[in-house]
Amino acid sequence: MDLGGGSGCYCIVAARSYPGISAVVLDIAPVVTVTREYIERNGVAQQVSAQKCDFTTDALPEDADVAIMASNLPQYARDVVAGVVRKVYDALLPGGAFHLLGEMLDADGCGPLAPALRGLSEAVNQ
Ligand SMILES: C[S@@+](CC[C@H](N)C(=O)[O-])C[C@H]1O[C@@H](n2cnc3c(N)ncnc32)[C@H](O)[C@@H]1O
């Protein structure tokens, strides 16, 4: 499962590379509509689905052995991220793996520049 998977690019490439896997992209409803178009266009609809899910509040699928979450950290506070990590840990099958990718602010909240600007942009645009 890919939390906040957006276009579905990670699952689409994984499915094309490994025909034996299946995956679900989780994102908010308007995004999922577009994700499904990418899944169809890339011919992996047998392996990849997209599902509406707010990963901060909704239950996660409990049949995944790998979870990924990429580029979501700057827009959420530390306690929210910690809660999501806990939910992923509880939802994964035993022995599963969680790949969490992204940038985080320093403890003083002033940098590095890229996550600071991204977080600011997210806050201004919401
Ligand atoms: C910066 S994009 C990254 C997309 C993808 N992970 C990638 O690396 O290409 C962040 C994505 O997370 C989704 N997102 C943010 N908060 C979310 C939430 N609470 N639940 C589900 N999706 C969320 C956004 O809609 C967006 O598609």
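What this report covers is the structure whose coordinates are included nearby. Owing to the predicted nature of the structure, the values given are computational and were not obtained by experimental measurement.

**What to know about the overall build of the chain**
Looking only at helices and strands, the chain features four helices and five strands. Along the chain, from the amino end to the carboxyl end, the secondary structure elements read β-α-β-α-β-β-α-β-α. Against the 2.2 N^0.38 benchmark of 14 Å for 126 residues, the chain shows a C-alpha radius of gyration of 15 Å, consistent with a compact globule. With the C-alpha coordinates of the chain rotated into their principal frame, the extents come out at 45 × 30 × 25 Å. Per-residue burial over the chain gives 25% buried out of 126 residues.

**Overview of the environment of Val-84**
Mapped onto the elements of the fold, Val-84 is located in helix α3 (residues 78-91). Here Val-84 is in contact with Phe-55 and Thr-56, once residues within four sequence places are set aside.

**With respect to the nonpolar core**
Ranked by internal contacts, the top residues of the largest apolar core, which has 23 residues, are Met-1, Ala-23, Val-25, Leu-26, Val-48 and Ala-67. Going through the elements one at a time, α1 (9-17), β2 (23-27), α2 (29-41), β3 (48-52), β4 (66-70) and α3 are the ones with two or more residues in this core. Setting aside chain neighbours within four positions, we find Ala-23 in contact with Met-1, Asp-2, Cys-11, Ala-14, Ala-15, Gln-47 and Val-48.

**Some words on the environment of Leu-113**
You can see Leu-113 is positioned in helix α4 (residues 113-125). Between the C-alpha atom of Leu-113 and that of Ile-39, which follows or precedes it by 74 residues, the distance is 34 Å.

**Comments concerning the sheet that holds β2**
The pairing of strands in a sheet happens through backbone hydrogen bonds and is either parallel or antiparallel. With respect to topology, five strands assemble into an open sheet ordered β3-β2-β1-β4-β5, the strand pairing being parallel. Each edge of the open sheet is held by one strand with a lone partner, namely β3 and β5 (97-101). By the bridge criterion, two bridges tie strand β1 (residues 2-3) to β2 in an arrangement that is parallel. Bridge pairing in β2 places Leu-3 opposite Leu-26. Packed on one face of the sheet, α2 meets β2 and β3 and runs near 170 degrees to β3.

Cut-off values and rules
Residues numbered from 1 in each chain as written. Predicted model: local features only at pLDDT ≥ 70, side-chain atom pairs only at ≥ 80, totals over all residues. Helix = DSSP H or I, 4+ residues; strand = E, 2+ residues; numbered from the N terminus. Rg over C-alpha atoms; globule rule 2.2 N^0.38 Å. Buried ≥ 20, exposed ≤ 12 C-beta atoms within 10 Å, placed from the backbone. Contact = placed C-beta atoms within 7 Å. Core = buried A, V, L, I, M, F, W, Y, C linked by C-beta atoms within 7 Å. Pairing = 2+ DSSP bridges. Axes fitted to C-alpha atoms, helices over the stretch in contact; angles between N-to-C directions.

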